Amino acid sequence: MLKTTLLKATQAGAKVLQEYFNGTFTVSHKSTVNDLVTEADKAAETAIINVIREDYPEHQILSEESGEMKMDSPVKWIIDPIDGTVNFAHGVPLCCVSIGVEQDGEMILGAVYNPLMNELFFAQKGFGATLNDKRISVSSKTSMSNAFMVTGFPYLWEEEQPNHALVTLERFIKQGLPVRRLGSAAIDLCWVACGRFDAFWEHHLNAWDSAAGYLIVQEAGGKVTDFSGNTYSPYQKQILASNGHLHNDLLKEINR
């Protein structure tokens, strides 16, 4: 039942995303000029929450636009109605709905859907990960010399932070490694999961950015930690997701 509701909610949010994409909608700002929220984000969030509430009115919800709705339940839905809002607002089709389901503090289900590319990623803990119902796995590269990576940058710049985003990026760029910046952490994680990228790192994420995607990477055979190599939690800011083979080398580069 949880899986059925998760997929229904993901589809409901994606339908709103499609309806608004390249259309006319209001855009406002949150923490900075580029930290956007649109009319579509709010409409997609409403559609998603309505589906969840219909089946599970007692469950907790943590959503980007509405915040946390605490209930007396061990199950929490962690929702990003549109991950990649800046892309969405500018007509760039790298954006998605991302929903993770946590039970007793453990992520058990995750779905990330980009309807503009018709790509639905899904994972259930212990059962692997899929893209459009086909099993996926991380890449098999073992050398950093040919790694293909993706990263993201924070909206609020903190240059005094050790190993901040540009310092870390510079280290990889100076080695001649190709690094991309797509603008959607959920998609970045899923593209690591299916082997398009070998690794993803970012310094400043929120739970809704990574809750579904990090489970999808793990279930596809990858490894996800913080920058100290500790077990990852979506409630911490730093993330390194990789195919596993490159993980220790990446940690050394990030922390040197």
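Keep in mind the model is a prediction, meaning the values are calculated, not measured.

Enquirer: What am I meant to see in the overall build of the protein chain here?
Expert: Of regular secondary structure, the protein chain possesses seven helices and 15 strands. Against the 2.2 N^0.38 benchmark of 18 Å for 256 residues, the protein chain shows a C-alpha radius of gyration of 17 Å, consistent with a compact globule. Projected onto its principal axes, the C-alpha coordinates of the protein chain cover approximately 50 × 40 × 35 Å. Counting all 256 residues of the protein chain, 56% fall into the buried class. Taking the contacts inside the protein chain whose residues are at least 6 apart along the sequence as the reference set, 61% of them involve residues at least 24 apart. Total accessible area on the protein chain is roughly 11100 Å²; 49% of this is exposed by carbon and sulfur atoms. Taking the average location of the 21 positive side-chain charges in the protein chain and that of its 31 negative ones, the two points are 6 Å from each other.

Enquirer: Would you take a moment to explain the side chain of Thr38 for this structure?
Expert: Along the polypeptide, Thr38 turns up in strand E2 (residues 36–38). Polar side-chain contacts of Thr38 include one of 3.1 Å to the backbone nitrogen of Ala40.

Enquirer: Can you walk me through the pattern of salt bridges in this structure?
Expert: Oppositely charged side chains are able to pair whenever their charged atoms sit close together. If you walk through the whole model with that rule in mind, you get seven salt bridges. Of the charged contacts, one joins Lys8 and Asp55 as a salt bridge, the two residues approaching to 3.2 Å between their closest N and O atoms. Here Asp55 lies in helix H2 (residues 39–55) and Lys8 lies in helix H1 (residues 2–20), a separation of 47 residues in the sequence. The exposure class assigned to Lys8 is partly exposed, which follows from its relative accessible area of 40%. We classify Asp55 as partly exposed; its relative accessible area is 24%. With a shortest N-O distance of 3.1 Å, Lys174 and Glu170 are connected by a salt bridge. The exposure class of Lys174 is exposed, given its relative accessible area of 67%.

Enquirer: Explain the packing of helix H5 (residues 185–193) against helix H6 (residues 207–219) to me, please; I cannot follow it from the model alone.
Expert: Describing two packed helices takes the angle between their axes plus the distance from one axis to the other. Packing of H5 against H6 brings their axes to within 8 Å, and their N-to-C directions diverge by 0 degrees. Judged by the inter-axis angle, H5 sits roughly parallel to H6. Every residue of H6 that contacts H5 at Ala185, Ala186, Leu189, Cys190, Val192 and Ala193 is listed here: Asp209, Ser210, Gly213, Tyr214, Ile216 and Val217. Partitioned by chemical class, the residues of the contact of H5 with H6 number nine nonpolar, two polar and one charged.

Enquirer: What's the story with the pairing of strand E15 (residues 239–242) in this structure? I'm lost.
Expert: Across a regular strand the side chains alternate sides, sitting on one face of the sheet and then on the other. Every second residue of E15 is oriented toward a common face, with Ile239 and Ala241 on one face and Leu240 and Ser242 on the other, all of them buried. The sheet contact formed by strand E14 (residues 223–225) and E15 spans three bridges and is antiparallel. Across the sheet, the residue bridging to Val224 is Ala241, located in E15.

Enquirer: Looking at this model, I keep getting lost on the nonpolar core. Mind explaining?
Expert: Inside soluble globular proteins, nonpolar side chains tend to come together where they are buried. Val112, Phe121, Ile136, Trp191, Phe200, Ile216 and Ile239 are the most contacted members of the largest nonpolar core, which has 39 residues in total. For this core, the secondary-structure elements that each account for two or more residues are strand E7 (106–114), strand E8 (119–124), strand E9 (129–131), H5, H6 and E15. Val112 has contacts with Cys96, Val97, Ser98, Glu119, Leu120, Phe121, Ala186, Cys190, Ala212, Gly213 and Ile216, leaving out every residue within four places of it along the chain. Listed in part, the 33 residues of the second largest apolar core include Phe21, Trp77, Leu109 and Phe122.

Calculation notes
- Residues numbered from 1 in each chain as written.
- Predicted model: local features only at pLDDT ≥ 70, side-chain atom pairs only at ≥ 80, totals over all residues.
- Heavy atoms only, no water.
- Helix = DSSP H or I, 4+ residues; strand = E, 2+ residues; numbered from the N terminus.
- Rg over C-alpha atoms; globule rule 2.2 N^0.38 Å.
- Buried < 20%, exposed > 50% of the residue type's maximum accessible area, 1.4 Å probe, protein only.
- Contact = heavy atoms within 4.5 Å.
- Areas by Shrake-Rupley, 256 points an atom, 1.4 Å probe, with all protein chains shown as cover.
- Lys, Arg positive; Asp, Glu negative; His and termini not counted.
- Charge placed at Lys NZ, Arg CZ, Asp CG, Glu CD.
- Polar contact = N/O pair within 3.5 Å; in protein donor to acceptor, adjacent residues only side chain to side chain.
- Salt bridge = Lys/Arg side-chain N within 4 Å of Asp/Glu carboxyl O.
- Axes fitted to C-alpha atoms, helices over the stretch in contact; angles between N-to-C directions.
- Parallel < 35°, antiparallel > 145°, perpendicular 65-115°, else oblique.
- Nonpolar A, V, L, I, M, F, W, Y, C, P; charged D, E, K, R; others polar.
- Pairing = 2+ DSSP bridges.
- Core = buried A, V, L, I, M, F, W, Y, C linked by side-chain atoms within 4.5 Å.

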